[in-house]
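A closer look at the structure
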Amino acid sequence: MRAGFPDFRLGSVLATSFTGTLSERYGNAVERIPTPHRLVDWLAVNGLAVDSCTAAQLDLARELRESIHLAATAAAIQDALPPSAVQAINDRSAEGRAAAILTPEGKREWRLGSGSPVEDALGVIAADAISIIAGERDGRLALCASPTCQAVFFDTSQSRTRKWCDMNTCGNRQKKARFNANQRRHSSPAE
């Protein structure tokens, strides 16, 4: 990982993890892929290793990220999907030519083409977004309960009632704020 950049927030669902590369959207936004090299890092961490990325490809990636966020948010609140977001997701999916490969260990890996590996990686992310937005996977799209975050996440908990995109960040922050408010409310001035 490259020093000087915020850590990635990784999850088990590729598409929603990708939308997490911009966090705290309604507070002090944190851009986790500010440079093409940082997108290369994120793709590698997620099994989509590429050698390089151009500024134009970074722009495509960010457009895809925001389109997934918009469409998944709409799906989570059962609203109509924004046509421009649907089009961008479909365009990236159609342009990608990655192949799913089964390893001898029984795991799936992605083989990205040599001609356009970044576009292939974005195609994999777009296809993952399509599968969760279309309801093809067991789980539900939800929005983080943190008022400064409101990230889209894919809830696969047994009860499907998860409130936070990440318990270690948003969940702990909200629980700490609630605890501190209760402490202030219950503390009486010294007499």
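Note that the structure is predicted; figures quoted are calculated from it, not measured.

Within the protein, the secondary structure is distributed over six helices and six strands. Going from the N terminus to the C terminus, the protein shows its helices and strands as α-β-β-α-α-α-β-β-α-β-β-α. Across its three principal axes, the protein shows a C-alpha extent of roughly 75 × 40 × 40 Å. Here the protein holds 191 residues, and the buried ones make up 38% of them.

Moving on: the pairing of strand β4 (residues 108-111). Here strand β3 (residues 99-102) pairs with β4 via four bridges, running antiparallel. Bridge assignment links A99 to a residue of β4, and that residue is R111. Between β3 and the antiparallel strand that follows it, β4, lie five residues; G106 among them carries a positive phi value of about 85°.

Take the packing of aromatic side chains next. For the coordinates displayed, the defined rule picks out one aromatic pair. Geometrically, the ring pair formed by F18 and W42 is tilted, given 5.0 Å between the ring centres and 55° between the ring planes. One end of the pair, F18, is in helix α1 (residues 14-19); the other, W42, is in helix α2 (residues 36-45), with 24 residues separating them in the sequence. Of the two residues examined, F18 and W42, each falls in the buried class. Sitting over the face of the ring of F8, R38 holds its NZ or CZ atom 3.9 Å from the ring centroid. A cation over an aromatic ring shows up here: R137 above the ring of F154, its NZ or CZ 5.7 Å from the ring centre.

Our focus in this paragraph is the pattern of salt bridges. Within the structure shown, the criterion is met by ten salt bridges. The shortest N-O distance in the salt bridge between E31 and R62 comes to 3.8 Å. With E31 in strand β2 (residues 30-31) and R62 in helix α3 (residues 55-76), this pair connects stretches of sequence that are 31 residues apart. Judged by relative accessible area, which is 23%, E31 ranks as partly exposed. A salt bridge links D128 to R137, with the nearest nitrogen and oxygen atoms 2.4 Å apart. Connected through shared salt-bridge partners, R25, E31, R62, R65 and E66 make up one network.

A general trend in soluble globular proteins is that nonpolar side chains are found buried together. Grouped together as the largest cluster of nonpolar side chains are 34 residues, with contacts concentrated most on F18 and I125. No other element matches the nine residues that helix α5 (residues 117-133) contributes to this core. Contact partners of I125, with chain neighbours within four places excluded, come to L14, A15, F18, W42, L43, L48, L64 and I68. If you look at the next biggest cluster of nonpolar residues, it comprises eight residues, including C144, A151, F153 and W164.

Here G139 lies in the loop between α5 and β5 (140-143). Residue classification places G139 among the partly exposed positions, given a relative accessible area of 25%. A sequence separation of 110 residues divides G139 from A29, and the C-alpha atoms of the two residues are 27 Å apart.

A separate point is the packing of α3 against helix α4 (residues 83-95). Orientation of α3 relative to α4, taken along the N-to-C sense of each, is 130°, at an axis distance of 8 Å. In terms of orientation, α3 and α4 fall into the oblique class. For the pair α3 and α4, the sense of crossing is left-handed. Across the interface between the two elements, L60, E63, L64, S67, I68, L70 and A71 of α3 pack against A85, A88, I89 and R92 of α4.

Let's shift gears to the side chain of Q57. Among the secondary structure elements, Q57 is positioned in helix α3. At 2.8 Å, the side chain of Q57 and the backbone nitrogen of T54 are in polar contact. In contact with Q57, not counting residues within four places along its chain, are L39, S52, V118, E119 and L122.

Analysis parameters
- Residues numbered from 1 in each chain as written.
- Predicted model: local features only at pLDDT ≥ 70, side-chain atom pairs only at ≥ 80, totals over all residues.
- Heavy atoms only, no water.
- Helix = DSSP H or I, 4+ residues; strand = E, 2+ residues; numbered from the N terminus.
- Buried < 20%, exposed > 50% of the residue type's maximum accessible area, 1.4 Å probe, protein only.
- Pairing = 2+ DSSP bridges.
- Phe/Tyr/Trp six-rings, centres within 6.5 Å; stacked < 30°, edge-to-face > 60°.
- Lys NZ or Arg CZ within 6 Å of the ring centre and 35° of its normal.
- Salt bridge = Lys/Arg side-chain N within 4 Å of Asp/Glu carboxyl O.
- Core = buried A, V, L, I, M, F, W, Y, C linked by side-chain atoms within 4.5 Å.
- Contact = heavy atoms within 4.5 Å.
- Axes fitted to C-alpha atoms, helices over the stretch in contact; angles between N-to-C directions.
- Parallel < 35°, antiparallel > 145°, perpendicular 65-115°, else oblique.
- Left-handed = near helix turned anticlockwise from the far one by under 90°.
- Polar contact = N/O pair within 3.5 Å; in protein donor to acceptor, adjacent residues only side chain to side chain.

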